[in-house]
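Summary of the model geometry
Single-letter residue listing:
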Amino acid sequence: MLPFRTRRFYVTWGLLLIVACPRLASAAEPGTSERNASDQKIHLFNGKNLDGWYVFTEQTKFENPGVFQVVDGTIYAPGGNEETAYLGGLITRQSYKNYRLKLEYKWGERTYGHRQGKARDAGVLLHCFGPNGPGPWMNSFEFQIIEGGTGDLLVVKIDPRDGEDDRIALTCIGEIEKRAEAPYFKPGGEQYTFKNDGRLNWWGRDLKWQDVTGFRGREDLASPHGEWTTCEIVARGNSLEYYVNGKLANRAAGLSVSAGKIFLQTEGAELWYRNIELMPLNG
């Protein structure tokens, strides 16, 4: 997701019930008892088809005219079509809590629409809740995947329709230090509360970051272009930890929402996802 983008879309009331009483897998497959959940590794992607997932984008709604494809055991997202940048994602039908999620991604070459020539951009939205549309995203906490910024943490809050009640705040607490007036993750740093918006930059994000295709920072943890990068997310209780190629990049505590769907973004850039595995954790 783009840095500091205004995310003003609509969501219906009824979210309170979804957050307070979500129908959760407890990081286990349907029908698995909770006591056995910790013994299960869940392959969220079976390498053959998109069973267990659905697609939603601004442009195609719930249709999937090649927005996400299964190619040689990977999920391929072309990112767009001609002058159109697809904005949306591949979303689990099931909600999850207390898990360790691992996946790999690799960038392609193409960028589309308003993202042509810009940094290749995507992300994983976590603890998603609420309906889809009319905008592309869902209420969530994001694991940012973008050239130069993989490992950033974003709070993605979708505004309700005018006149509707909105009692659900998305908040989290980060350990930060300020650099050029922006918050960067620093273990043991000042505690700062993000509410309904904001970005906690991963600790090594380049101060000279530019929104241009191919940008790479001096300390980037992500693999060079064309190589696979491993992302790991530990969602335990009301906390999140983000790892990039095995190194801690970011973390937050005090999350106001600690369960929901998992959402793989497409945002105008060609990429692949693979090896999407979820390991249940004790709360």
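Here is a short report on the structure shown in this document. Here the structure is a predicted model, which means the values were calculated and not measured. For every chain, the first residue of the written sequence is number 1, and numbering continues from 1 along that sequence. Given that this is a predicted model, residues contribute local features only at a pLDDT of at least 70 and side-chain atom pairs are listed and counted only at 80 or more, while totals for whole chains, interfaces and linings are drawn from all residues. Excluded from the side-chain calculation are hydrogens and water; included are all heavy atoms of the structure.

1. Focus on the overall build of the chain
Strands are runs of DSSP state E lasting at least 2 residues, helices are runs of H or I lasting at least 4, and numbering of each runs from the N terminus. Helix and strand counts for the chain stand at one helix and 20 strands. Expressed as a percentage of the 283 residues in the chain, the buried residues total 53%. For this analysis, residues touch if any pair of their heavy atoms sits within 4.5 Å. Across the chain, the fraction of contacts at a sequence separation of at least 24, relative to all contacts at a separation of at least 6, is 70%. The method behind every accessible area is Shrake-Rupley, applied with a 1.4 Å probe, and residues are considered shielded solely by the protein chains displayed. For the chain, the accessible area works out to roughly 12,500 Å², and carbon and sulfur atoms hold 45% of it. The rule is simple: take the accessible area with a 1.4 Å probe, protein chains only, and divide by the maximum for that residue type; under 20% is buried, over 50% is exposed, in between is partly exposed.

2. Topic: the sheet that holds strand E19 (residues 261-267)
Ordered by their spatial adjacency, seven strands build an open sheet running E2-E7-E19-E9-E10-E11-E15, and the pairing between neighbours is antiparallel. Each edge of the open sheet carries a strand with a single partner, namely strand E2 (53-57) and strand E15 (199-200). As paired elements, strand E9 (residues 121-129) and strand E10 (residues 139-146) share seven bridges and run antiparallel to each other. Residue pairing across strands places leucine 126 opposite phenylalanine 141, the latter belonging to E10. For two strands to be treated as a pair, DSSP must find no fewer than two bridges joining them.

3. A closer look at the packing of aromatic side chains
Centres within 6.5 Å are what make two rings of Phe, Tyr or Trp a pair, Trp counting through its six-membered ring; a difference in plane orientation under 30 degrees is then read as stacked, over 60 as edge-to-face, and the rest as tilted. On inspection of all chains with the given rule, the structure shows nine aromatic pairs. Note on tyrosine 105 and tryptophan 107: the rings are 5.6 Å apart at their centroids and 70° apart in plane angle, and the pair reads as edge-to-face. Tryptophan 107 carries the same exposure label as tyrosine 105, and that label is buried. Arranged with centres 6.4 Å apart and planes meeting at 65°, the rings of tryptophan 209 and phenylalanine 215 form a pair that is edge-to-face. Each of the two residues, tryptophan 209 as well as phenylalanine 215, counts as buried.

4. Here's the deal with the pattern of salt bridges
Salt bridges are defined as contacts in which a side-chain nitrogen from Lys or Arg sits within 4 Å of a carboxyl oxygen from Asp or Glu. Within the structure shown, the criterion is met by 11 salt bridges. Salt-bridge contacts for glutamate 277 lead to lysine 41; the nearest nitrogen and oxygen are separated by 3.6 Å. Here lysine 41 lies in the loop between helix H1 (15-20) and strand E1 (42-43) and glutamate 277 lies in strand E20 (residues 269-280), a separation of 236 residues in the sequence. Take lysine 41: its relative accessible area is 43%, and that puts it in the partly exposed class. Salt bridges sharing common partners tie together Glu109, Arg120 and Glu147.

5. Observations regarding unusual backbone geometry
Between glycine 133 and proline 134 the backbone carries a cis peptide bond, its omega angle lying at 0°. Within the secondary structure, proline 134 is located in the loop between E9 and E10. Despite not being glycine, aspartate 72 has its phi angle at roughly 50°, a positive value. Within the secondary structure, aspartate 72 is located in the loop between strand E3 (69-71) and strand E4 (74-77). Aspartate 72 sits in the exposed class, given a relative accessible area of 77%. Despite not being glycine, histidine 127 shows a phi value in the positive range, around 55°. A residue is classified by how much of its surface remains accessible, and histidine 127, at 1% relative accessible area, is buried.

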